[in-house]
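Architecture at a glance
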Amino acid sequence: MLAPKGYTQQISKDAYLAAHKTAEEKAGLLRFRLPCVLLIAALVIGSAVTVYRGIGIPSYYFTAGVMLLSAVLLCVLLYYASKIEAFVAAQEYRSFAALSDPADIVFESDELTVKGECLSRRVEYAKTRLCIETAERFVLLTDDGTMVILEKACFSEKDTTERFLRDVFARWYVKK
């Protein structure tokens, strides 16, 4: 398949935050939210059963402590984890001014190049571990932990570019 034409894009803060959240939900710490909630629920239920059976005063305090700790962990997990990730993403965007600069995206047969005023980055397709497609963008996560955001609104040949990215990253492609 022939590589599509390149294009120019500029990533806004909102787009960066949304892409960062998408990446964290699919490949970062936020993907463990549901398993952790289930584990905490199991701890609470197990502790409640132990208290209900009345095994003794020392075990009562222990199980009550486990229940309280589980409730605190659940609140932190559900509320603060995504807030912390959003804060980290906002700090990254603010710290690296080059992220907001216009950049030219050039597709090659085996890599794509992102060229901005201050930054230039080559991303080999083979070294990309995950390609996440949302309604607004493609988010590429590389082996070295970096993220490349490709805004669909900026594609010059939208259908061709989307099909090309889906085909190239078929093994690592996830649609959100």
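A quick note: this is a predicted structure, and the numbers were derived from the prediction, not measured.

1. Description of the pairing of strand β5 (residues 128-133)
Across the six residues of β5, five count as buried, placing the element largely inside the fold. Looking at chain direction, β5 and strand β6 (residues 137-142) are connected through five bridges and run antiparallel. Within β6, the position partnered with T128 by the bridge is T142. Counting the residues between successive antiparallel strands, the hairpin from β5 to β6 contains three residues.

2. Remarks on the nonpolar core
By size, the foremost hydrophobic cluster in this structure holds 17 residues, and its most contacted members are I105, F107, L112, L140, V148, L150 and L165. Of all the secondary-structure elements, those providing two or more residues to this core are β2 (103-107), β3 (111-116), β6, β7 (147-151) and α4 (158-168). A total of three residues in this core trace back to one element, the largest contributor, which is β2. Aside from chain neighbours lying at most four places away, what touches V148 is L112, V114, V123, F138, V139 and L140. Listed in part, the 13 residues of the second largest apolar core include I11, Y16, I132 and V139.

3. Describing the pattern of salt bridges
Applying the stated criterion across every chain yields a total of ten salt bridges. Among the salt bridges present, the one from E133 reaches R166, with a minimum N-O distance of 2.8 Å. Of this pair, E133 sits in strand β5 while R166 sits in helix α4; the two residues are 33 residues apart in sequence, bridging distant segments of the chain. Of the residues examined, E133 reaches a relative accessible area of 0% and is grouped as buried. Residues participating in the shared-partner salt-bridge network are E133, K152, E162, R166 and K175.

4. Side note on α4
Structurally, the α-helix is built with 3.6 residues per turn, so residues lying three or four positions apart point the same way. Taken as a whole, α4 has its buried residues at T161, E162, F164 and L165. Relative to the axis of α4, the buried residues are bounded by an arc of 160° and lie together on one face. Where α4 is buried, its residues touch β2, β5, β6 and β7.

5. A few points about the sheet that holds β5
Reading across the sheet, the four strands line up as β7-β6-β5-β8 and stay open at both edges, with mixed pairing between neighbours. Two strands in the sheet have a free side with no partner beyond their single neighbour: β7 and β8 (173-175). Between one strand axis and the next, the sheet turns through 20° on average, direction left out of account. In the sheet, β5 pairs with β8 via three bridges, with the strands oriented parallel. Within the sheet, the bridge partner assigned to C131 lies in β8 and is Y173.

So, how was this worked out
- The residue count restarts for each chain, going from 1 along the sequence in the order it is written.
- Note on the predicted model: pLDDT of at least 70 is required for a residue's local features to be given, and 80 or more for side-chain atom pairs to be given and counted; whole-chain, interface and lining totals, by contrast, use all residues.
- With hydrogens and water set aside, each side-chain value is computed from the structure's full complement of heavy atoms.
- Whether a residue is buried, partly exposed or exposed follows from its accessible area with a 1.4 Å probe, protein chains only, as a fraction of its type maximum: under 20%, in between, or over 50%, in that order.
- The numbering of helices and of strands both runs from the N terminus, where a helix is a DSSP run of H or I of at least 4 residues and a strand a run of E of at least 2.
- Only strands that DSSP links by at least two bridges are regarded as paired with each other.
- What is meant by a nonpolar core is a set of buried Ala, Val, Leu, Ile, Met, Phe, Trp, Tyr and Cys residues, joined one to another through side-chain atoms within 4.5 Å.
- We call two residues in contact when some of their heavy atoms are within 4.5 Å.
- Every case where a carboxyl oxygen of Asp or Glu lies within 4 Å of a side-chain nitrogen of Lys or Arg is listed as a salt bridge.
- In this context, the arc is that of the directions from the helix axis out to the C-beta atoms.
- Interaxial angle, 0 to 180 degrees, is taken between N-to-C directions of lines fitted to C-alpha atoms, where a helix line uses only the stretch in contact.

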